[in-house]
Amino acid sequence: MACNFVASFFCLFFIALLPLASFAKIIPQPGSKQADKITALPGLPQTLAQLSQYAGSVVVNNKLGSSLFYYLIESSTLSVKKPLVLWLNGGPLVSSLMGLIEIGPYRVASDGKTLYENIYSWNKAANLLFLETPVGVGFSYCNKTSEMQQNNDAKTADMSYTFLVNWLERFPEYKNRDFYIAGESYAGHYIPQLAQTIVERAMPGSVINLKGLLVRVSNFLHLNFKVSALQLIKIYGYLLNFLCRLGTQ
Ligand SMILES: *[C@@H]1O[C@H](CO)[C@@H](O)[C@H](O)[C@H]1NC(C)=O
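Everything quoted here is computed from the prediction, not taken from an experiment. Residue numbers here run from 1 along each chain, matching the order of that chain's written sequence. Under the rules for a predicted model, residues below a pLDDT of 70 receive no local features and side-chain atom pairs below 80 are neither given nor counted, while totals for whole chains, interfaces and linings still include all residues. Working from all heavy atoms in the structure, the side-chain values ignore hydrogens and water.

**Student:** Looking at this model, I keep getting lost on the nonpolar core. Mind explaining?
**Tutor:** A general trend in soluble globular proteins is that nonpolar side chains are found buried together. Counting residues in each nonpolar core, the largest one holds 32 residues, and the members touching the most others are Y70, L72, L88, F163, W167 and I181. A helix here means a DSSP run of H or I that spans at least four residues, while a strand means a run of E at least two residues long, and both kinds are numbered starting from the N terminus. Residue assignment for this core shows that the elements contributing at least two residues are strand 1 (53–61), strand 2 (66–73), strand 3 (84–88), strand 6 (127–132), helix 5 (153–170), strand 8 (178–184) and helix 6 (187–201). When residues in this core are grouped by element, the largest group, seven residues, is from helix 5. Should any heavy atoms of two residues lie within 4.5 Å, those residues are considered in contact. Contact partners of W167, with chain neighbours within four places excluded, come to V58, Y70, L72, L84, L129 and Y174. Judged by nonpolar contacts, the second largest core, of 17 residues, contains A55, I73, V85 and L115. By nonpolar core is meant a set of buried Ala, Val, Leu, Ile, Met, Phe, Trp, Tyr and Cys residues that side-chain atoms within 4.5 Å join together. For every residue, the accessible area obtained with a 1.4 Å probe (protein chains only) is divided by the maximum for its type, and the residue is called buried under 20%, exposed over 50%, and partly exposed between those limits.

Spelled out as structure tokens, the structure:
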């Protein structure tokens, strides 16, 4: 009798712990905000000397040794009052650092050595977080090569979510901040799936304050949460075929 009681108690205890274990995913991190601070950048113009920026890696799976690379550029004015925008490029497997050159505060000059200011930079209105996801893209890596060969959209959403939860531990000032996810092209798949993951796992007290999504140049007509890269190629194939036929008529 006592034995049964003790067994049920432990059972209940572990059931109660389960959601925490699967939702929180706080992983011990070797990196720190201080170490990630960018203090100098070659060729940075004087007008951008005060730019507050950070770059580094966040471990998303310590068994497989997976780590995602990010680049944060804070807003040039009143950063604490501005929202956080996560930017994702598409591909699949294209680096989001491409977006940094598109919407970020500087562009690379034709000499290939200096940077010049992009006066239309989004960091006038928001704090910009560029994320290279999944593992295998850009500086994001996994110490188990076979893992990288098994990338898919669901895994990408899962590891990007784990990244966010752990990144917010390194930058707690962004907890509960208005949060947007933006991007282009194949990110039209990454973005809604990451948003879905955030919404599904949001528990009372969740610190990710998702406000909106922005997708540029994506094929929304065929957006399907379960579509794979291969299906997408097929869809684009159909579209191209259709456009070609239109062109020859
Ligand atoms: C991957 O392996 C390298 C070399 O052993 C190690 O320095 C690094 O910390 C590992 N990365 C992760 C995320 O575990």
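**Student:** How should I be thinking about helix 6 in this particular structure?
**Tutor:** Since there are 3.6 residues in each turn of an α-helix, residues three or four apart along the chain are aligned in direction. Multiplying 1.5 Å by the helix residue count minus one yields the expected span of that helix. Taking 1.5 Å per residue as the helical rise, helix 6 with its 15 residues ought to reach 21 Å, and the 20 Å between its terminal C-alpha atoms agrees with that figure. Burial runs high along helix 6: twelve of the 15 residues are buried.

**Student:** Where do I start with the pairing of strand 1 in this structure?
**Tutor:** Regular strands have side chains that alternate between both faces of the sheet. With seven of nine residues buried, strand 1 is to be regarded as a mostly interior element. Pairing between strand 1 and strand 2: eight bridges, direction antiparallel. Across the sheet, residue V59 finds its bridge partner in strand 2, namely S67. DSSP bridges decide pairing: two strands pair if at least two such bridges lie between them. Here strand 1 hands over to strand 2 after four residues, with G65 in that stretch at a positive phi of 70°.

**Student:** I keep staring at empty space enclosed by the protein and nothing clicks. Help me out?
**Tutor:** Leftover empty space is mapped by rolling, across the atoms, a probe with the size of a water molecule. For cavity detection a 1 Å grid was placed over the protein atoms alone, and a set of points counts as a cavity when a 1.4 Å probe fits there but cannot get out; an open set counts as a pocket when protein lies on both sides within 12 Å along at least five of seven lines, with lining residues being those that have an atom within 4 Å of a point. Grid points are joined across faces, edges and corners, and a volume is the space filled by probe spheres set on the points. Enumeration over the complete set of coordinates arrives at two cavities of 30 Å³ or more. Of the voids in this model, the largest cavity is the one considered here, and its volume is about 50 Å³. Taken together, L84, L164, L168, Y174, R177, F179, V207, I208 and N209 form the lining of the largest cavity. Each residue gets one of three labels, nonpolar for Ala, Val, Leu, Ile, Met, Phe, Trp, Tyr, Cys and Pro, charged for Asp, Glu, Lys and Arg, and polar for the others, Gly among them. Grouping the constituent residues of the lining of the largest cavity by class yields seven nonpolar, one polar and one charged.

**Student:** Quick question: what am I supposed to make of the site of the ligand here?
**Tutor:** Residues in close proximity to the ligand include V59, G65, S67, Y141 and N143, which together make up its full environment. At a separation of 3.1 Å, a nitrogen atom of the ligand approaches a polar side-chain atom of Y141. Calculation of accessible area relied on Shrake-Rupley with a 1.4 Å probe; when residues are assessed, cover is drawn exclusively from the protein chains displayed. In isolation the ligand exposes 360 Å². Once the protein is present, 41% of that is buried. Broken down by class, the residue content of the shell around the ligand amounts to two nonpolar, three polar and no charged. Consider each residue's heavy atoms; a residue with any of them within 4 Å of a molecule or strand counts as near. The term polar contact refers here to a pair of N or O atoms within 3.5 Å; inside protein, the definition further demands a hydrogen-donor-capable atom paired with an acceptor-capable atom, and it admits residues adjacent in sequence only when both atoms are side-chain atoms.

**Student:** So what exactly am I meant to see when it comes to the packing of aromatic side chains here?
**Tutor:** How two aromatic rings sit relative to each other is set out by the distance from centre to centre and by the angle between their planes. Working definition: rings of Phe, Tyr and Trp (its six-membered ring) pair if their centres are within 6.5 Å, and the pair is stacked with planes under 30 degrees apart, edge-to-face with planes over 60 apart, and tilted otherwise. Applying the stated criterion to the full structure yields nine aromatic pairs. Aromatic side chains Y70 and F163 sit 6.2 Å apart centroid to centroid with 50° between the ring planes, which places their arrangement in the tilted category. Taken together, the residues span a long stretch of sequence, with Y70 in strand 2 and F163 in helix 5 at a distance of 93 residues. When the centroid spacing of 5.5 Å and the interplanar angle of 35° are considered together, the rings of W167 and Y174 count as tilted. A network of ring pairs unites the aromatic residues Y54, Y70, F163, W167, F171 and Y174 as a single cluster.

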